[in-house]
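# Topology and contacts: notes
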Amino acid sequence: VKVNYRKPEPKPIVERNYSYELVESTWTKKHLRFWSRYGTDLNTLELFNWKPIKEFSAYRKDNTPYTVKSGSKGLIFAIVRDGWCKIYIPEIKGVQKKGFVYLGHKPEAYVFGLEQLPPTGDDLYLLAGEKDVSNMRSHGKYAVCLTSEESNPKNYPSFMELLDSDRFKNYFISYDLDICGRRKMLNISCEIPKIRMK
C-alpha cells in the first residue's frame, strides 16, 4: 500500500512581545510593615529601586496578554531597571501565593546589588535572591545575587571580575538551607575556593 506522506508546514516564528506596564503605588504602612519584619527600611528599598505595585500587565510566551492586581489585601513589589523589571509577590496566607517573574529584556548575566557596593569592604556575600541582598544591606552587610541559585558564577563576567579585583577581603556564599541550596553552595565553593560557605 502506498502512503502519501506530506511534510508538515513549519510553524511560523512569532517574535515574543516583551512590553509591559507597571502601575506603581505609593509606599504605605502595609508595604513597609512587610519589609520591617526583616529589618529593612525605606532607605534601603529605595537604594535598590524597589517599588510597590498596584498592578502590572505583560504578555505570556504565546503573546497572550495578562494583568495581575494586588487587591486590597495583597502585595506586589518590583525591582525596576532600565527596560526591564523583576516582579516579586510575597506569600500571604489565604490571599496570594509567592511568585516572581521577569518583565522586559533582562540583560544576561546580570548581578543584582553590584551597583550598590562600596569601592572596598571586608566581607561580601553571594546570596540566593534580591530580597536577601536588600535585607542584609539593612543590617550593614554587603551582598549580591545571580539570576538563581542554579546559576554558575563563572557565567557572570562582572561577578568574576569582582572576585579577581580583591575589592573585598572575604567572599562567602550563603544560600537557602534546603537540599538544592546546600548542594549548590558546596559545588560553588569547591569549584571556586575563594568563595567560602557560611
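Before any of the text, the structure's been laid out above.
First things first, this report covers the structure right here in the doc. Residue numbers here run from 1 along each chain, matching the order of that chain's written sequence. Confidence filtering applies because this is a predicted model: local features only for residues at pLDDT of at least 70, side-chain atom pairs given and counted only at 80 or more, and all residues used for totals across whole chains, interfaces and linings. Calculation of side-chain values draws on the structure's entire complement of heavy atoms; hydrogens and water are dropped beforehand.

A few words on the sheet that holds strand S9 (residues 168-174). Strand pairing in a sheet takes place through backbone hydrogen bonds and is either antiparallel or parallel in direction. We call two strands paired when DSSP finds no fewer than two bridges between them. Helix and strand definitions here come from DSSP, where helices need a minimum of 4 consecutive H or I residues and strands a minimum of 2 consecutive E residues; each element is numbered from the N-terminal end. Read from one edge to the other, the open sheet built from four strands follows the order S8-S7-S9-S10, with strand pairing classed as parallel. At either end of the open sheet lies a strand with only one pairing partner, and these are strand S8 (142-145) and strand S10 (195-197). For this sheet, the mean angle separating the axes of adjacent strands, direction not counted, is 35 degrees. In the sheet, strand S7 (residues 121-127) pairs with S8 via four bridges, with the strands oriented parallel. Bridging across to S8, Leu126 finds its partner in Val144. In this analysis, two residues are considered to be in contact whenever any of their non-hydrogen atoms come within 4.5 Å of each other. Working convention: axes come from line fits to C-alpha atoms, limited for helices to the stretch in contact. Angles between N-to-C directions cover 0 to 180 degrees. Lying over the sheet, helix H3 (residues 130-138) contacts S7 and S8, oriented at roughly 175 degrees with respect to S8.

We define a salt bridge as a side-chain nitrogen of Lys or Arg found within 4 Å of a carboxyl oxygen belonging to Asp or Glu. By the definition in use, this model includes five salt bridges. The partner of Arg183 in a salt bridge is Glu150, with the nearest N and O atoms 3.3 Å apart. In this pair, Arg183 is assigned in helix H5 (residues 179-191) and Glu150 in the loop between S8 and helix H4 (157-165), connecting sequence segments 33 residues apart. Here Arg183 falls in the partly exposed class, since its relative accessible area comes to 40%. Across the pair Glu191 and Lys154 runs a salt bridge whose closest N-O atoms are separated by 3.5 Å. Placement of the pair is Glu191 in helix H5 and Lys154 in the loop between S8 and H4, with a sequence separation of 37 residues. Any residue under 20% of the maximum accessible area for its type is buried, any over 50% is exposed, and the rest in between are partly exposed; the area is computed with a 1.4 Å probe on protein chains only. Given a relative accessible area of 41%, Glu191 falls into the partly exposed group. According to the relative accessible area criterion, Lys154 is partly exposed, its value standing at 44%.

Attention now moves to the side chain of Ser189. In this fold, Ser189 is placed in helix H5. Filtering out sequence-adjacent residues up to four positions away, Ser189 remains in contact with Ile195 and Met197.

Let's shift gears to H5. Given 3.6 residues per helical turn, the α-helix brings residues three or four places apart onto the same face. By this rule the span expected of a helix is its residue count minus one, scaled by 1.5 Å. Between the first and last C-alpha of H5 there are 18 Å, a value that for 13 residues agrees with the 18 Å anticipated at 1.5 Å per step. Those residues of H5 that are buried lie in contact with S9 and S10.

Let us now look at the pairing of strand S2 (residues 50-59). Note that strand S1 (residues 21-24) and S2 share four bridges and pair antiparallel. Of the residues in S2, the one forming a bridge with Glu24 is Ile53. Here S2 pairs with strand S4 (residues 77-81) via three bridges, running antiparallel. Directly across from Trp50, in S4, lies its bridge partner Ile79. Pairing of S2 with strand S3 (residues 65-69) involves five bridges; the strand directions are antiparallel. Bridging across to S3, Glu55 finds its partner in Lys69. Between S2 and S3, which pair antiparallel in sequence order, lie five residues; one of them, Asn63, sits at a positive phi of approximately 70 degrees.

Another aspect to go through is the side chain of Lys184. Note on placement: Lys184 falls in helix H5. Neither His nor the chain ends is counted toward charge; the positive residues are Lys and Arg and the negative residues Asp and Glu. No salt bridge is formed by the buried Lys184; its nearest oppositely charged neighbour, Glu150, is found at 4.8 Å. Every residue in contact with Lys184, bar those within four places of it in the chain, is listed here: Glu149, Glu150, Ser151 and Tyr175.

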